[in-house]
Amino acid sequence: MRLLIDGDGCPDRKEVIDLACHYGIETILFIDFAHLILDNRIQIVSCDVGKDSVDQQIIACVQAEDVVITQDYGLAGLCLMKDAVVLHVSGKRITESNMNNLLEYRYLGYMSRKNDKHIKGLKKRSKKESLYFLRELEKILVEQKMNVSDICQNE
């Protein structure tokens with residue numbers, strides 16, 4: 001199990017990395033060349049600047065049991081197909097059962113933007129939202145770490 005972070009849109013990045021390091025989980029941060037992030041505790045994969053270049057690198061790298069943090073529903077769906085666990089930056093776990101609704105919501109937003117309907121932007125992330133996201137991430141990391149440990153003991 002590894003933690004893969006879609007770095008272009010992940011809030012609380014420092015806290016996420018601190019949490020992963022606390023649990024001894026290998027962490028890979030995917031960013032495009034437009035960003036400069038240095039952290040010797042994790043692996044950083046720099047991707048071309050451009051549409052979906054980070055997503056394509058994540059898909060090429062993700063494996064079953066990995067935990068992926070992203071706010072991209074398309075990427076989330078592809079990661080689920082590879083049996084990864086996906087956490088949205090809101091703290092909501094993305095699963096096969098809620099994927100259709102999320103993709104439909106994304107499509108409706110796209111259609112509204114295409115038809116020049118003004119959509120209110122996101123409000124600033126609150127401390128409460130950050131804490132919720134980090135709590136949910138910690139639950140998943142502990143759960144996945146226990147699952148991996150159980151698999152190793154049964155072999």
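Remember, it's a predicted structure, so these values are computed and weren't measured experimentally. (Residues numbered from 1 in each chain as written. Predicted model: local features only at pLDDT ≥ 70, side-chain atom pairs only at ≥ 80, totals over all residues. Heavy atoms only, no water.)

Right, let's get into the sheet that holds strand β3 (residues 43-47). Sheet architecture is open: six strands sit in the order β3-β2-β1-β4-β5-β6, paired in mixed fashion. What marks the edges here is a single partner per strand, and that holds for β3 and β6 (93-94). One ladder, built from two bridges, connects strand β5 (residues 85-87) with β6; its direction is antiparallel. Of the residues in β6, the one forming a bridge with valine 86 is isoleucine 94. Sheet strands in contact with helix α2 (residues 53-61) are β1 (2-6), β2 (26-32), β3 and β4 (67-69), and its direction is about 150° off that of β2. (Pairing = 2+ DSSP bridges. Helix = DSSP H or I, 4+ residues; strand = E, 2+ residues; numbered from the N terminus. Contact = heavy atoms within 4.5 Å. Axes fitted to C-alpha atoms, helices over the stretch in contact; angles between N-to-C directions.)

Of all residues except glycine, most have a negative phi; of all peptide bonds, most are trans. Phi is positive for aspartate 12, close to 55°, though the residue is something other than glycine. Assignment of secondary structure puts aspartate 12 in the loop between β1 and α1 (13-22). The class of aspartate 12 is buried, set by a relative accessible area of 19%. Of note in the backbone geometry, glutamate 65 takes a positive phi value of approximately 80° without being a glycine. (Buried < 20%, exposed > 50% of the residue type's maximum accessible area, 1.4 Å probe, protein only.)

Right, let's talk about the pattern of salt bridges for a bit. Scanning all chains against the criterion turns up six salt bridges. The salt bridge partner of aspartate 66 is arginine 2, with a shortest N-O separation of 2.7 Å. Residue aspartate 66 is located in the loop between α2 and β4, and its partner arginine 2 is located in strand β1; the two are separated by 64 residues in the primary sequence. This pair shows no difference in class: aspartate 66 is buried, exactly as arginine 2 is. Put simply, arginine 41 and aspartate 18 hold a salt bridge, and the shortest N to O gap is 2.7 Å. Of this pair, arginine 41 sits in the loop between β2 and β3 while aspartate 18 sits in helix α1, placing them 23 residues apart in sequence. Relative accessible area serves as the criterion here: at 41%, arginine 41 is assigned to the partly exposed category. Here the salt bridges share partners, and the residues they tie into one network are Lys14, Asp18 and Arg41. (Salt bridge = Lys/Arg side-chain N within 4 Å of Asp/Glu carboxyl O.)

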